[in-house]
Amino acid sequence: MSSLLTVKNLKVQFTTSNTFATAVDDFSLNIAPGECVGLVGESGCGKTTTGLAIMRLLPGNGRIAGGSVELDGVDLASLSEKEMQSQRGNEVALIPQDPMSSLNPTTKIGRQIGEGLRIHRGAGDDEARKLALEVLEMVDMPRPAERLDQYPFELSGGLRQRVIIAMGLVCSPKLLIADEPTTALDVTIQAQILDILDRLRKELSMAVLLITHDMGVIAGRTD
């Protein structure tokens, strides 16, 4: 099977006061369409940094110092920021570690989910709201129509995680990077979230990079 994501010899460095600190060194992987690949390691080893590098979301003092990141034949590492904006959220999406800090506390859920559709697909407010409802139903959100007009603080951690997944899926990306998607959730909700990701990956033929430190999750969920 042909590769959707090809990372070759990736090197990520951060600028410190007088030198460079290398956080990721000579990292390579391939992910095929519809495949789930796990990236596992202890805290601080560079898992999240790798995901952020693929998305080109490194902090200001970080840079890709070597290697290539190709998504469906496009070298993401060589794109300008404007070109990358057309890829980010559209061709490749990220589920960040902390759903609460990743959601805008002053904006209703439906508006936040529909933002990608308005930016990438030119959807109007009514169409974006309709599709936001559909994607909330896809992620098994209880009472999804009601959630559209709620704010993040009104939802539990598990429901906020469903919102973040919905935001990632709303433009049907080819690749989903799930960075510790079950952190701080109880075991029952963890299983529900992982089941949702498994089902949607198969239904949408979407590739998933699952970042975690949990060997049980890796053993049970990845190819």
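Here the structure is shown first, and the text comes after it.
In what follows, the accompanying structure is described. Computed from a predicted model, the values in this text were never measured in an experiment.

**Focus on the sheet that holds strand E3 (residues 36–40)**
Part 1 of the argument: With parallel pairing, 4 strands are arranged side by side in an open sheet as E3-E8-E7-E6. Both outer strands of the open sheet, E3 and strand E6 (92–95), are each paired with one neighbouring strand and no more. On average, adjacent strands in this sheet sit at an angle of 15° to one another, irrespective of strand direction.
Part 2 of the argument: Summarising the sheet, strand E7 (residues 175–179) and strand E8 (residues 207–212) pair through 5 bridges and their orientation is parallel. Across the sheet, residue Ala178 finds its bridge partner in E8, namely Leu210.
Part 3 of the argument: The sheet strands contacting helix H1 (residues 47–55) are E3, E6, E7 and E8, and the helix crosses E8 at an angle near 150°.

**Notes on the pattern of salt bridges**
Part 1 of the argument: For the structure on display, the rule yields 12 salt bridges.
Part 2 of the argument: Two residues, Asp149 and Arg129, come together in a salt bridge whose shortest N-O distance is 2.9 Å. One end of the pair, Asp149, is in the loop between helix H6 (144–147) and helix H7 (157–169); the other, Arg129, is in helix H5 (residues 125–138), with 20 residues separating them in the sequence.
Part 3 of the argument: A relative accessible area of 37% places Asp149 in the partly exposed class.
Part 4 of the argument: Residues Arg199 and Asp140 are paired through a salt bridge, measuring 3.2 Å at the closest nitrogen-oxygen approach. Residue Arg199 is located in helix H8 (residues 187–204), and its partner Asp140 is located in the loop between H5 and H6; the two are separated by 59 residues in the primary sequence.
Part 5 of the argument: What makes Asp140 partly exposed here is its relative accessible area of 43%.
Part 6 of the argument: Connected through shared salt-bridge partners, Asp195, Asp198, Arg201, Arg221 and Asp223 make up one network.

**A few points about the state of the cysteines**
Part 1 of the argument: The tally for this structure, following the rule as stated, stands at 0 disulfides.
Part 2 of the argument: Residue Cys36 stays outside any disulfide, its sulfur separated by 17 Å from that of Cys45, the closest cysteine.
Part 3 of the argument: For Cys45, a relative accessible area of 34% puts it in the partly exposed group.

**Details of unusual backbone geometry**
Part 1 of the argument: Residues other than glycine seldom take positive phi values, yet Asp26 does so here, at roughly 60°.
Part 2 of the argument: With respect to the helices and strands, the residue Asp26 is situated in strand E2 (residues 20–31).
Part 3 of the argument: Unusually for a residue other than glycine, Asp140 sits at a positive phi of about 60°.

Cut-offs used in this document
- Residues numbered from 1 in each chain as written.
- Predicted model: local features only at pLDDT ≥ 70, side-chain atom pairs only at ≥ 80, totals over all residues.
- Heavy atoms only, no water.
- Pairing = 2+ DSSP bridges.
- Helix = DSSP H or I, 4+ residues; strand = E, 2+ residues; numbered from the N terminus.
- Axes fitted to C-alpha atoms, helices over the stretch in contact; angles between N-to-C directions.
- Contact = heavy atoms within 4.5 Å.
- Salt bridge = Lys/Arg side-chain N within 4 Å of Asp/Glu carboxyl O.
- Buried < 20%, exposed > 50% of the residue type's maximum accessible area, 1.4 Å probe, protein only.
- Disulfide = S-S within 2.5 Å.

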